[in-house]
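Spelled out, the chains give:
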Amino acid sequence: FIFFQKAVVEAFQHMNWKPDVIHCNDWQTGLIPLLVKDNYSWDEMFDDVATVTTIHNIGYQGRFPKQTLYKAELRESLHYENGPIEVWGGDVCFLKAGLMFADALNTVSPTYAKEIMTYDYGEGLDGVLWHRREDFYGILNGVDYSVWSPEKDAKIPANYSASDLSGKRECKRALQERLGLPERDDVPVIGIVSRMVSQKGFDLVADALGALTNFDAQWAILGSGEKEYQDMFRNFADSRENVAAHIGYDDELAHWIEAGADMFLMPSRYEPCGLNQIYSLRYGAAPIVRKTGGLADTVRDWDESRAEGGYDGDGFSFHDYSPGALVSSVERAINVYRQPELWARLVQNAMKKDYSWERSAKRYVELYERAIANRRGEAPGSPEDITL
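These numbers come from a predicted model, not from an experiment.

Rules behind the numbers
- Residues numbered from 1 in each chain as written.
- Predicted model: local features only at pLDDT ≥ 70, side-chain atom pairs only at ≥ 80, totals over all residues.
- Heavy atoms only, no water.
- Helix = DSSP H or I, 4+ residues; strand = E, 2+ residues; numbered from the N terminus.
- Rg over C-alpha atoms; globule rule 2.2 N^0.38 Å.
- Buried < 20%, exposed > 50% of the residue type's maximum accessible area, 1.4 Å probe, protein only.
- Contact = heavy atoms within 4.5 Å.
- Areas by Shrake-Rupley, 256 points an atom, 1.4 Å probe, with all protein chains shown as cover.
- Pairing = 2+ DSSP bridges.
- Axes fitted to C-alpha atoms, helices over the stretch in contact; angles between N-to-C directions.
- Parallel < 35°, antiparallel > 145°, perpendicular 65-115°, else oblique.
- Nonpolar A, V, L, I, M, F, W, Y, C, P; charged D, E, K, R; others polar.
- Core = buried A, V, L, I, M, F, W, Y, C linked by side-chain atoms within 4.5 Å.
- Salt bridge = Lys/Arg side-chain N within 4 Å of Asp/Glu carboxyl O.
- Expected span 1.5 Å × (residues − 1).

### Topic: the overall build of the protein chain
Counting its secondary structure elements, the protein chain contains 16 helices and 12 strands. Scaling as 2.2 N^0.38, a compact globule of 388 residues should have a C-alpha radius of gyration of about 21 Å, and the protein chain matches this with 23 Å. With the principal axes as the frame, the protein chain shows a C-alpha extent of 70 × 40 × 40 Å. Looking at the protein chain as a whole, 56% of its 388 residues are labelled buried. Within the protein chain, contacts between residues separated by at least 24 positions form 73% of all contacts whose residues are at least 6 apart in sequence. Accessible area of the protein chain: about 16900 Å², with a carbon and sulfur share of 49%.

Shown next, in the form of C-alpha cells:
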C-alpha cells in the first residue's frame, strides 16, 4: 500500500492532470494527504490540491512497526509520542496520518461520527477526531435502488411496490419453500443476512437464541463468519422446524430474504452505516436494530413514534447491548405484526424512505467544497445538516 499510494500521486504527475480533490478511503490510502503536503510538496501542481479522508470502520487503522517510516520515506521528525503519525506503542498509523493531514474528514453516518469521537468507540483515535471536529462530517451512505428495489429486482420471485404488495406475499411463500420452512401466512419471517461475527451482535443472538426461536415466528438466516456462530445456526436449523440457515455466500438468496422476510434483524455492537437495514426498509421488511451508528440514523422506532403522538415509525430499535433488550424488541415487532392495520402503516412508512446516492452525493459535494476552501485558506461555515 505504500507503493500504491505513491503510484497514485505520481500518476497525476505523469498524466499532468491536476485534480481538485483526492478522496482517500481508510488506512490503505491514509498516507496520501501527508505525501501531497510533504514528500511531494516540491511540485507546485499540488499546492492547492485538497484531500479528503473517509473512515468506513475506525477499528481498521493500518498500524505498522516504526521501520515502516523508512520504507515509506517519511520524515522521522513526524514520529514522536502523540505525534501526527504515531500511536500507542510507537507504531506508525496510516489512518492517523490521513486524519491529521487531510483537509476534511468524514465517516459514513452522523451518529457513527459522534460515537467515534468518544473513548468507547474511538479505538484510540478519538482525540485526533476531536481535534479535527470542525472539519469532520458524518454523511450517510447511499444505496443503488436500481439493484436493491422490489419494483426492479430481477433476482426475486415476484416484483412488488408499496401500492401493490401481492408480490411480497409470493416472495414469502417462495422463500419458505426454498428454505424448507412451513408455509404459513400467520407468522412473520425474520431475516438475517450478515457476517457472523461479534461486531454484528451475534454474541447477543447466541445468548438469546433459545428465547428468540421460541417465538411464533420463522427465521431465514444467511451468512458466514466465526465457526461458533456458524455451528450455532446449523444446530438450531437442524433441531427447529422454524429455523433455516444457509452458511456461505449467496447473492440471490440475500435478495430473496429481503423480499420474503417480514422483519430483518441487525443487533450490531457498532455499525458505521449498514446497508441491509436500508435495503430492508425499501423491501418492506421492518428492521430490528440496535440504536448505534447508521442504524440509529436510518430506523425510526415504531413505539417511540407512537409515544410522540405519530405513526411514522418504520422499524424497531433498542439501546442496551443486552440479550433482554434484543428479545424485547423482537417481541414488540411480533406484537405489531399481529395487528394488520398498524403493520400495514409501518410497512408503508418503511418503503417510502429514500436513501439513494443522489441524496448522499449532494452532501459529498459540500464536503469537497469544504476541503478545497480549507486547502486554500478560505474555510466557510460548516453545513449544519452534516457537520457535528
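Moving on from the coordinates now.
### As for the side chain of Gln 218
Along the chain, Gln 218 turns up in strand β8 (residues 218–225). The exposure class of Gln 218 is buried, given its relative accessible area of 3%. With residues up to four places along the chain from it excluded, the contact list for Gln 218 reads Gln 176, Leu 181, Pro 182, Arg 184, Val 187, Pro 188, Val 189, Ile 190 and Asn 242.

### Some details on the pairing of strand β5 (residues 104–107)
Each regular strand shows side chains that alternate between the opposite faces of the sheet. Residues Ala 104 and Asn 106 of β5 are buried on one face, and the alternating residues Leu 105 and Thr 107, pointing to the opposite face, are buried as well. Looking at chain direction, strand β2 (residues 50–55) and β5 are connected through 4 bridges and run parallel. By the bridge assignment, Thr 53 is partnered in β5 with Leu 105. Strand direction decides the pairing type here: β5 and strand β6 (residues 136–138), joined by 3 bridges, are parallel. The residue of β6 that forms the bridge with Thr 107 is Gly 138.

### Structural notes on the sheet that holds β2
Within the open sheet, the 4 strands sit side by side as β1-β2-β5-β6. Their pairing is parallel. The open sheet has two edge strands with one neighbour each: β1 (21–25) and β6. Sheet twist, expressed as the mean angle between neighbouring strand axes with direction ignored, is 25°. Those strands touched by helix α2 (residues 32–39) are β1 and β2, and its axis lies near 140° from that of β1. The strands touched by helix α4 (residues 94–101) within the sheet are β2 and β5, with β2 carrying the most contacts at an inclination of about 130°.

### Section: unusual backbone geometry
In this structure, Asn 16 takes a positive phi of about 55° despite not being glycine. Relative to the elements of secondary structure, Asn 16 occurs in the loop between α1 (2–15) and β1.

### Here's the deal with the packing of helix α14 (residues 323–337) against helix α15 (residues 340–351)
Running from N to C, α14 and α15 point in directions that differ by 110°, and their axes come no closer than 7 Å. Classed by the angle they form, the pair α14 and α15 counts as roughly perpendicular. Here Ala 333, Val 336 and Tyr 337 of α14 come into contact with α15, specifically with Pro 340, Leu 342 and Trp 343. Looking at the contact of α14 with α15 residue by residue, the classes come out as 6 nonpolar, no polar and no charged.

### Describing the nonpolar core
Ile 257, Leu 265, Phe 316, Leu 326, Val 330 and Trp 343 are the most contacted members of the largest nonpolar core, which totals 72 residues. In terms of residue count, the dominant contributor to this core is α14 (8 residues). Within the second largest apolar cluster, 41 residues are counted, among which are Val 9, Tyr 40, Leu 78 and Val 92.

### Some remarks on the pattern of salt bridges
Under the criterion given, the structure shown has 25 salt bridges. Residue Asp 38 is joined to Arg 75 by a salt bridge in which the shortest nitrogen-to-oxygen separation is 3.0 Å. Of the two residues, Asp 38 is situated in helix α2 and Arg 75 in the loop between α3 (68–71) and β4 (92–93); the sequence distance between them amounts to 37 residues. A residue is classified by how much of its surface remains accessible, and Arg 75, at 41% relative accessible area, is partly exposed. Ionic pairing is found between Arg 376 and Asp 48, a salt bridge with its closest N-O pair at 3.9 Å. Of this pair, Arg 376 sits in the segment after α16 (357–375) while Asp 48 sits in the loop between α2 and β2, and the two are 328 residues apart along the sequence. Sharing partners across several salt bridges, the network here consists of Lys 18, Asp 48 and Arg 376.

### Structural notes on the sheet that holds strand β7 (residues 189–196)
A sheet is described by the order of its strands in space; here 6 strands give the open sequence β9-β8-β7-β10-β11-β12, paired in parallel fashion. In this open sheet, the two strands that pair with only one neighbour each are β9 (243–247) and β12 (316–318). In this sheet, adjacent strand axes meet at a mean angle of 15° when their direction is disregarded. Bridging between β7 and β8 involves 8 bridges; their strand directions are parallel. Paired with Val 189 across the strands is Gln 218, a residue of β8. Set on the sheet, helix α8 (residues 202–213) makes contact with β7, β8, β9, β10 (263–266) and β12; between it and β7 the angle comes to about 155°.

### Some words on α1
Along an α-helix, residues three or four apart share an orientation, since each turn contains 3.6 residues. Over its 14 residues, α1 runs 20 Å from end to end, which matches the ideal 20 Å to within 8%, given 1.5 Å per residue. Where α1 is buried, its residues meet β1, α2, α3 and α4.

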